[in-house]
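Okay, here's what each chain looks like letter by letter:
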Amino acid sequence: MAYSEALPMREDTPEPPPLITVDVENDVRAKLSATWREKSGLWGWLTSTNHKSIAKRYIITALIFFALGGLEAGMIRMQLSRPENRFVGPDLYNQIFTMHGSTMMFLFAVPVMEAVGLYLVPLMVGTRNVAFPRLNALGYWMYLGGGVLLYAAFFMNTGPDAGWFAYVPLSGPQFTPGKRVDVWAQMITFTEIAALIGAVEIITTVFKQRAPGMSLNRIPLFVWAEVITSFMIIFALPAIVISSTMLATDRLIDTHFFNPAEGGDALLWQHLFWFFGHPEVYIIFIPALGMVSSVVETFTQRRIFGYPAMVLSMVSTAFLGFGLWVHHMFATPLPQLGQSFFTAASSAISIPSGVQIFCWIATIWSGRPRFTASFMFVLGFFFLFIIGGLTGVMVASVPYDLQVHDTFFVVAHFHYVLLGGAVFPLWAGFYLWYPKLTGRMLSERLGKWNFWLFFIGMNVTFFPMHILGLMGMPRRVYTYLPEMGWGGLNALASLGAVFIVASGVVFVVNVFRSLSVGAPAGDNPWNAPTLEWATSSPPPSYNHLFIPVVEGRDPLWDAAPGELSVVTGLRTDRHEGLVTSIMDAIPERRYEFKKETILPLLLAVFGGGSIVIAIFSPWGVTIGAIFTFIILACWFWPTISPDSDTPLARRRLP
Amino acid sequence: MTAKPNFAWRNAFTRCALCYAALTVIACSGFQSALDPKGPRAEAVAKLHWTLTSIATVVYVMVIGALVYALWRASRRPPVPEEHHYHETPEQAAVMKRGVIIGLSATVVIMLTFVVVSVSTGSTLAKVGGDKPLRIDVVGHQWWWEVKYDDPDPHNIVNTANEIHVPVGRPVLIKMTSTDVIHSFWAPNLAGKKDLIPGHETVTWFRADSAGTYRGQCAEFCGHQHAKMAFYVVAEPRLEFEKWLDQQRQEAKTPTDSLTQTGERVFLSGTCAMCHTISGTGAGGTVGPDLTHLASRRTIAAGTLPMTTGNLAGWILDPQSIKPGVKMPPNQIDPQSLQALLAYLGTLK
């Protein structure tokens, strides 16, 4: 659009903008509530396109999968707790560890990080919904479909059993007949669609819907983290799209992409998979960094030190993340020079990670920390993630990696990175944002129990695994002989798992108990600086009563009390939002968000159904294409929304 | 492990990291341990391990120390003036900037040191050190290792399985591939791992500097019995090795007494011969391991059971209960025939 909407900013008018009268405020509130009211009942639930409703489902679903993945981990620990244990046999064990990895990576970690973003980003940038509300709903349904498919298959003894990275030729038709790997490959299809949708939503919402005045250098670090992650998703996922499709066609219609006997190549899979798989780690990790920034800022009551350095560190981590995939393949035939390149690139990650850690420590040093459960989880992050980071630098060394690759050392390393580096910050985020989502505070006392049980359990479980790996224990073994001498440390690791499970139980109790007996939260219980705290808890369906005008990096701290100015003039009789420019967030035009509809669910059912049928017959794709075409025709049926004529104005809240 | 004087500082350094070392030290002995090196490649990596661990421990202590200091300082600071509540003071900003720059510089220096140490260790390891290497071919199968000592004279080619005999002090060059899925060859006391990939040929080398039996095991998940796909490397003095090789070159002896003759008949007329080879007889199957010198091996079923008559009987009758999913089917053999078969197999030294 060639025109900008006129909206005077502080630079243009030195005197404060006029106050909004209480009558106007009440009038707007009544109208917005009516316009944005979500339909109740099952139909309302199935058709909702509100980003908060969908993101809440997303988060809850992801947490359920986290619990299932955790139970699988518990079974793994049970089986390995002593040598020659017969708790499960190899066939079930291989399914369990594949399910554990696939669940944690595809159904928990990536989705939950996006889901938290889909809830918070629109609130933090001050808009009323994500850019494409119907697409957002489709994303959730596809994700749910993938998860249900995987678990339905698992309960019918058709759970994938070739590992979460499904190396060919083991995962090929010759060595894993049956449908187990097909289910895995199509679960990937579901979740990659969901992940790409989430990424598109977040990028568009942040780039085009930020509140006026929120120029690029005022975007909260968590929002930056989500944007950077979304770009990584868009660049990384095509590699798994193509490779899982090639695997599916190898299995279904006898293509030979990965069959060496027919001119295919077994190593091709590894390159394609890890070109996605390594960035995937950062796709999980970078949003966690954003959460750490939010928590540190809130509980030290200090602006994060070194904002540009923080943003650039995350961006460079994202870039470097694409240059590391071969460090998963050091044991394959590779030229020496190539190995050195990937060693250097892998260890270079320590520079941006270091910058961020030092900036957080500096922020803490300058502030006055409050040792809440949320902040404790972030401190846990420091203690655990740095161990994972340092062992990460160690395994980046080719000769070292050749000893510890595919052993329990690596298992220990990536659990320190993923649990310490992503799950601990996520839990810090839960304790920070739960009041916003529910309007109630979580119990701090249970929160500390949650933390200490998790922290102790985590170390007791995973630290001994470093040593087990060095003692020669490979990963993915369903049992081991007594004379190997691995029994003691394995028993210890299994004991630690008990603590982690207990911690999970405490968390669940805390969440449900606080829903009814938690102290009421109020709008901003922590005195946090970002815009999600400027509205009520839980936020109304339209998010902010008026779109805020942002005049600093920490809007709620930078504006003196009662001086947060807002935009008036948006229509209240339809789902209207403001589109602003990418760089400086100058208002450009109005935009009408699409309303609730059943189409996303229909598309997920028919499109998803065709993916499921494609496990058994290539005709699934053909049949699905017809239904998908019909639904998409309805979806894209042009509608005309008249332009708004009320002028935008800047006002002050009473 | 021979501690050279120039590594003394590293050992001293290591002792400082008592906590970690105390835990790790139990990993320092064992017949399948990366930290109990018995050859130059594993030794270089073990040294690298202690170097990297020491650096990492120091870095960890320093960063966590900085964090704890920051928390301590911040918790004790008197309340700051209201106008500075959310933003650091200029003096604070200067200190913070200096702190971050120092931390970053240290990170860069440590990282570069690390890359140099790592790459130089890597390039040393790539060179085969010592005499003319002994060449061995290894082929990975689900779930056992085929081992072949090649020779220009076809009669001198030795085929065996799951047990690799090598002379002490002579480098061994192993050429590997796989006929089914990807496996990974790993004997941690001797060297790091290398994958066996169908359609590719990979090479690794090691040298055993002291006599002994070292265990190795598949390190790349390869299906049902990935856990029970082990092998032994038997390092012995050169003469003993030559003796072993000579013995392995012999064809199986023709059975002399009636019991073993019956046993041979059971073997050849039953299903055994469809999968296994015993050279010098009609059995020429290539699906399973070559059994010509079965009784000379230390273990059966790829390192799963010690080689005893009882274990062998159990394995022949019901391999599925010992290694569920293994390719060998259960066998129904009447007791007399089994006795004869076991007696015959016992002669295959």
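These figures come from a predicted structure and were not determined experimentally.

**Overview of the overall build of chain B**
Summing up its helical and strand segments, chain B has 10 helices and 12 strands in all. Partitioning the intrachain contacts of chain B with sequence separation of at least 6 by distance along the chain shows that 64% fall at a separation of at least 24.

**Thoughts on the overall build of chain A**
The secondary structure content of chain A amounts to 19 helices and 5 strands. Here the C-alpha coordinates of chain A stretch approximately 80 × 60 × 50 Å along the principal axes. Here chain A holds 654 residues, and 60% of them are scored as buried. Excluding contacts between residues fewer than 6 apart, the proportion of contacts in chain A whose partners are at least 24 apart in sequence is 82%.

**Describing the sheet that holds strand E8 (residues 202–206) of chain B**
The pairing of strands in a sheet happens through backbone hydrogen bonds and is either parallel or antiparallel. Residue and element names in this part refer to chain B. The sheet built from 5 strands is open, its strands ordered E3-E2-E1-E5-E8 with mixed pairing. Pairing within the sheet leaves two strands with one partner each, and these edge strands are strand E3 (158–161) and E8. The average angle at which neighbouring strand axes cross in this sheet is 25 degrees, direction not considered. One ladder, built from 5 bridges, connects strand E5 (residues 172–178) with E8; its direction is antiparallel. Each bridged residue has a counterpart across the sheet, and for Ile 174 the counterpart in E8 is Thr 204.

**Examining the nonpolar core**
All names here are of chain A. Residues Ala 109, Val 292, Ile 361, Phe 377 and Ala 428 are the most contacted members of the largest nonpolar core, which totals 298 residues. Looking at this core element by element, the count peaks at 22 residues for helix H4 (residues 90–125). Apart from the residues within four sequence positions on either side, Phe 377 is in contact with Phe 424, Pro 425, Trp 427, Ala 428, Tyr 431 and Phe 451.

**Focus on the sheet that holds strand E4 (residues 163–167) of chain B**
Residues and elements named next belong to chain B. If you walk across this open sheet you meet the 3 strands as E4-E10-E9, and the pairing is mixed. Either end of the sheet is taken by a strand with one partner, and the two such strands are E4 and strand E9 (212–217). Between one strand axis and the next, the sheet turns through 25 degrees on average, direction left out of account. Across 6 bridges, E9 lies against strand E10 (residues 230–236) in antiparallel orientation. Paired with Gly 212 across the two strands is Ala 235, which belongs to E10. Seen against the sheet, helix H5 (residues 238–249) touches E4 and E10 and runs at an angle of roughly 135 degrees to E4.

**Some remarks on the environment of Thr 202 of chain B**
Residues and elements named next belong to chain B. You can see Thr 202 is positioned in strand E8. The exposure class assigned to Thr 202 is buried, which follows from the 20 C-beta atoms found within 10 Å. For the pair formed by Thr 202 and Met 176, sequence separation is 26 residues and the distance between their alpha carbons is 5.1 Å.

**Details of the interface of chain A and chain B**
On the side of chain B, 75 residues touch chain A, which itself brings 74 residues to the contact. For the side of chain A that touches chain B, the element with the highest residue contribution is helix H11 (residues 350–366) of chain A, accounting for 12 residues. Partitioned by chemical class, the residues of the side of chain A that touches chain B number 43 nonpolar, 23 polar and 8 charged.

**Remarks on the pairing of E10 of chain B**
All names here are of chain B. Of all 7 residues making up E10, 5 are buried, and the element is well covered by its neighbours. The sheet contact formed by E4 and E10 spans 5 bridges and is parallel. Within E10, the position partnered with His 165 by the bridge is Val 234.

**A look at unusual backbone geometry**
Most peptide bonds are trans, and most residues other than glycine sit at a negative phi. A cis amide bond links Ser 537 of chain A to the next residue, Pro 538 of chain A, at an omega of -10 degrees. Along the polypeptide, Pro 538 of chain A turns up in the loop between helix H16 (487–517) and strand E1 (547–548). Here the amide bond leading from Gln 142 of chain B into Trp 143 of chain B is cis, since omega sits at 0 degrees, within 30 degrees of zero. Position of Trp 143 of chain B relative to the elements: it lies in the loop between strand E1 (134–141) and strand E2 (144–149). Even without being glycine, Ala 166 of chain A reaches a positive phi, approximately 40 degrees. By secondary structure assignment, the location of Ala 166 of chain A is in the loop between helix H5 (133–155) and helix H6 (180–208). Of note in the backbone geometry, Ala 301 of chain B takes a positive phi value of approximately 60 degrees without being a glycine.

**Comments concerning the packing of helix H3 (residues 40–76) of chain B against helix H4 (residues 90–126) of chain B**
Residue and element names in this part refer to chain B. Running from N to C, H3 and H4 cross one another at 175 degrees; their axes reach a closest spacing of 10 Å. In terms of orientation, H3 and H4 fall into the roughly antiparallel class. Where H3 approaches H4, its residues Arg 41, Ala 44, Leu 48, Thr 51, Ile 55 and Val 59 are matched on the opposing element by Ile 110, Phe 114, Val 117, Thr 121, Thr 124 and Leu 125. Of the residues that constitute the contact of H3 with H4, the class distribution is 8 nonpolar, 3 polar and 1 charged.

**Digging into the environment of Gly 354 of chain A**
All names here are of chain A. Within the element layout of this structure, Gly 354 appears in helix H11. By the C-beta count within 10 Å, which is 24 here, Gly 354 ends up buried. It is 9.7 Å that separates the C-alpha atoms of Gly 354 and Gly 389, two residues lying 35 residues apart in sequence.

**What about helix H8 (residues 266–300) of chain A?**
Residue and element names in this part refer to chain A. Given a rise of 1.5 Å per residue, 35 residues ought to cover 51 Å, and the 51 Å separating the end C-alpha atoms of H8 matches this to within 8%. Of all the bends in H8, the largest measures some 30 degrees and sits at Trp 274. In terms of burial, H8 is a largely internal element, 31 of the 35 residues being buried. Of the residues trailing H8, Gln 301 is marked for its positive phi of about 55 degrees.

**Describing the confidence of the model for chain B**
All names here are of chain B. Model confidence for chain B is summarised by a mean pLDDT of 88, while 90% of its residues fall at 70 or above. Here residues 1–10 is a poorly scored stretch, pLDDT under 50, and it has 7 contacts once near neighbours within four places are set aside; other chains count. The low-confidence segment residues 12–27, where pLDDT is below 50, has 19 contacts with residues more than four positions distant or belonging to other chains. Interface confidence for the predicted complex, expressed as ipTM, amounts to 0.92; the pTM equals 0.94.

**Overview of the packing of helix H3 (residues 51–80) of chain A against H4 of chain A**
Residue and element names in this part refer to chain A. The interhelical angle for the contact between H3 and H4, taken along N-to-C directions, is 155 degrees, at an axis separation of 7 Å. By the angle between their directions, the pair H3 and H4 is classed as roughly antiparallel. In terms of crossing hand, the pair formed by H3 and H4 is left-handed. Grouping the amino acids of the contact of H3 with H4 by side-chain chemistry returns 25 nonpolar, 5 polar and 3 charged.

**With respect to the pairing of E4 of chain B**
Burial analysis of E4 of chain B places 5 of its 5 residues in the buried class, the great majority of the element. Burial along E4 of chain B is two-sided: Glu 163, His 165 and Pro 167 of chain B and Ile 164 and Val 166 of chain B, pointing in opposite directions, are all buried.

**Side note on the environment of Trp 72 of chain B**
Residue and element names in this part refer to chain B. Assignment of secondary structure puts Trp 72 in helix H3. Taking the number of C-beta atoms within 10 Å as the measure of exposure, Trp 72 has 12 and is therefore exposed. With 74 residues separating them along the chain, Trp 72 and Glu 146 place their C-alpha atoms 61 Å apart.

Procedures and definitions
Residues numbered from 1 in each chain as written. Chains lettered and ligands numbered in written order. Predicted model: local features only at pLDDT ≥ 70, side-chain atom pairs only at ≥ 80, totals over all residues. Helix = DSSP H or I, 4+ residues; strand = E, 2+ residues; numbered from the N terminus. Contact = placed C-beta atoms within 7 Å. Buried ≥ 20, exposed ≤ 12 C-beta atoms within 10 Å, placed from the backbone. Pairing = 2+ DSSP bridges. Axes fitted to C-alpha atoms, helices over the stretch in contact; angles between N-to-C directions. Core = buried A, V, L, I, M, F, W, Y, C linked by C-beta atoms within 7 Å. Nonpolar A, V, L, I, M, F, W, Y, C, P; charged D, E, K, R; others polar. Parallel < 35°, antiparallel > 145°, perpendicular 65-115°, else oblique. Expected span 1.5 Å × (residues − 1). Bend = angle between axes of the 7 residues up to and from the residue. pLDDT = per-residue confidence, 0-100. Left-handed = near helix turned anticlockwise from the far one by under 90°.

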